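Understanding the architecture of this molecule
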Amino acid sequence: PVDADLVILLVEVSGPYVDGEDFPDIVTAVGKLIAAVNKIGQGAVGVFDGEDEIVAMLGFGAPNEKAALDAVRHFRPRNRNGNLNGAIIQGIDALEKQLAAATLPFRYGTLVIVTDRADLAKKVTAEAVKKKVAKTEVDVQIVAIGPKTNRLELEPLASPGGLFLSPDPKDF
């Protein structure tokens, strides 16, 4: 191989959809995405709620995706005010660190965020996220599902063309 393809997928677990009937299907879709990524590169999965730090559930190259996804399904939020902005910054930082350590000549990093609403924690400003996204080589994709998603709030936090928005969680 001549390239390092790294993907971090972060799932918000503080929003209302985590208690809904569609959440297990969302986690299943996350599993399918990570399985596909792991065929051509390496994927990692984490969750975030309203606390300062994201919680790693599956590291790059780690075995036992099934156990990690079960842990995501059963994770209970510690704080319901989702720290979306903080998760984006931390996800970019983690990918930049992994990419810097990679020895292959071509390195690609993608951060995929799954959420059902905008930032509520107000711990990191949207402006700080916009600046970080603008200067990083990491591709930031946001999958926003559910009735509380807002294109105007979320689109500036993603890379150009990097927002998937749907009111129906089944679209993921």
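None of the values given here were measured: they were computed from a predicted structure.

What counts and how
- Within every chain, residues take consecutive numbers counted from 1 along the sequence as written.
- The predicted nature of this model means local features are confined to residues of pLDDT at least 70 and side-chain atom pairs, given and counted, to a pLDDT of 80 or more, with totals for whole chains, interfaces and linings taken over all residues.
- Only heavy atoms go into the side-chain values, all of them from the structure, while hydrogens and water stay out.
- Going along the chain from the N terminus, every DSSP run of H or I of four or more residues is numbered as a helix, and every run of E of two or more is numbered as a strand.
- All radius of gyration figures rest on C-alpha atoms, and the globule criterion is 2.2 Å times the number of residues raised to 0.38.
- Burial classes: relative accessible area under 20% of the type maximum marks a residue as buried, over 50% as exposed, and values in between as partly exposed (1.4 Å probe, protein chains only).
- Should any heavy atoms of two residues lie within 4.5 Å, those residues are counted as being in contact.
- Each accessible area is a Shrake-Rupley result for a 1.4 Å probe, and residues are judged covered by the shown protein chains and nothing else.
- Think of it this way: Lys and Arg go in the positive column, Asp and Glu in the negative one, and His and the chain ends go nowhere.
- Positions of charges follow a simple convention, taking NZ of Lys, CZ of Arg, CG of Asp or CD of Glu.
- As a rule, the C-alpha atoms of each element are fitted with a line to give its axis, helices using only the stretch in contact, and angles between N-to-C directions run from 0 to 180 degrees.
- Roughly parallel covers angles under 35 degrees, roughly antiparallel covers those over 145, roughly perpendicular covers 65 to 115, and oblique covers all other angles.
- The crossing is said to be left-handed when, going from far helix to near helix, the turn is anticlockwise and less than a right angle, and right-handed when the turn is clockwise.
- Under this grouping Gly is polar, as are all residues other than the nonpolar Ala, Val, Leu, Ile, Met, Phe, Trp, Tyr, Cys and Pro and the charged Asp, Glu, Lys and Arg.
- Strand pairing requires that DSSP identify at least two bridges connecting the strands.
- Here is how to tell: hold the view so the strands point away, follow the path from the first strand over the helix to the second, and if it runs clockwise the crossover is right-handed.
- As used here, the arc belongs to the directions running from the helix axis to the C-beta atoms.
- Here the aromatic set is Phe, Tyr and Trp, taking the six-membered ring for Trp, and pairing holds for ring centres within 6.5 Å; pairs whose planes are under 30 degrees apart are stacked, those over 60 apart are edge-to-face, and all others are tilted.

What follows covers the overall build of the protein chain. For the protein chain, the count of helices and strands is 5 helices and 6 strands. In the protein chain, the succession of α and β elements from N to C terminus is β-α-β-β-α-α-β-α-β-α-β. For 172 residues, the compact-globule estimate of 2.2 N^0.38 gives 16 Å, and the C-alpha radius of gyration of the protein chain, at 15 Å, lies within 12% of that figure. For the protein chain, the C-alpha atoms occupy an extent of roughly 40 × 35 × 25 Å along the three principal directions. Expressed as a percentage of its 172 residues, the buried residues of the protein chain come to 48%. Looking at the protein chain alone, contacts between residues at least 24 apart form 73% of all its contacts between residues at least 6 apart. Summed over all atoms, the accessible surface of the protein chain reaches about 8500 Å², with 55% contributed by carbon and sulfur. Of the charged side chains in the protein chain, 19 are positive and 24 negative; the average position of the first set lies 2 Å away from that of the second.

As a further point, take the packing of helix α1 (residues 23–40) against helix α2 (residues 65–74). In the contact formed by α1 and α2, the axes pass within 10 Å of each other and the chain directions differ by 150°. The angle between α1 and α2 places the two elements in the roughly antiparallel class. Viewed along their axes, α1 and α2 form a crossing whose handedness is right-handed. Facing F23, P24, V27, T28, V30, G31, I34, A35 and N38 of α1, the residues of α2 in contact are E65, L69, V72 and R73. Its residues assigned to classes, the contact of α1 with α2 shows 8 nonpolar, 3 polar and 2 charged.

Next up on the list: the side chain of D22. Position of D22 among the secondary structure elements: in the loop between β1 (3–12) and α1. Under the relative-accessibility criterion, D22 is labelled buried at 16%. Once residues lying within four places of it in the same chain are set aside, the contact partners of D22 are P169 and K170.

Among the 10 residues that make up β1, 8 are buried, leaving the element largely enclosed by the rest of the structure. Inspection of the sheet shows β1 paired to strand β4 (residues 106–115) by 9 bridges, in the parallel sense. The residue of β4 that forms the bridge with L10 is I113. Alignment of β1 against strand β2 (residues 42–48), held across 7 bridges, turns out to be parallel. From the neighbouring strand, L6 faces β2, where its bridge partner is Q42. Each parallel crossover has a hand, and the one from β1 via α1 to β2 is right-handed.

The next subject is α2. Every buried residue of α2 is listed here: A68, L69 and V72. Seen from one end, α2 has its buried residues packed into an arc of 95°, which puts them on one side. Along α2, the residues that are exposed and aim more than 90 degrees away from the buried face are K66 and H74. At its buried positions, α2 is contacted by α1, β2 and β3 (55–58).

By the definition in use, this model includes 1 aromatic pair. When the ring of Y17 is compared with that of F23, the centres are 5.5 Å apart and the planes differ by 90°; the resulting orientation is edge-to-face. A single burial state applies to Y17 and to F23, both of which are buried.

Our focus in this paragraph is the environment of G86. With respect to the helices, strands and loops of the structure, G86 is situated in helix α3 (residues 84–101). Sequence separation between G86 and G109 is 23 residues, and the spatial gap between their C-alpha atoms is 18 Å. Setting aside residues no more than four positions away along its own chain, G86 makes contact with D119 and V124.

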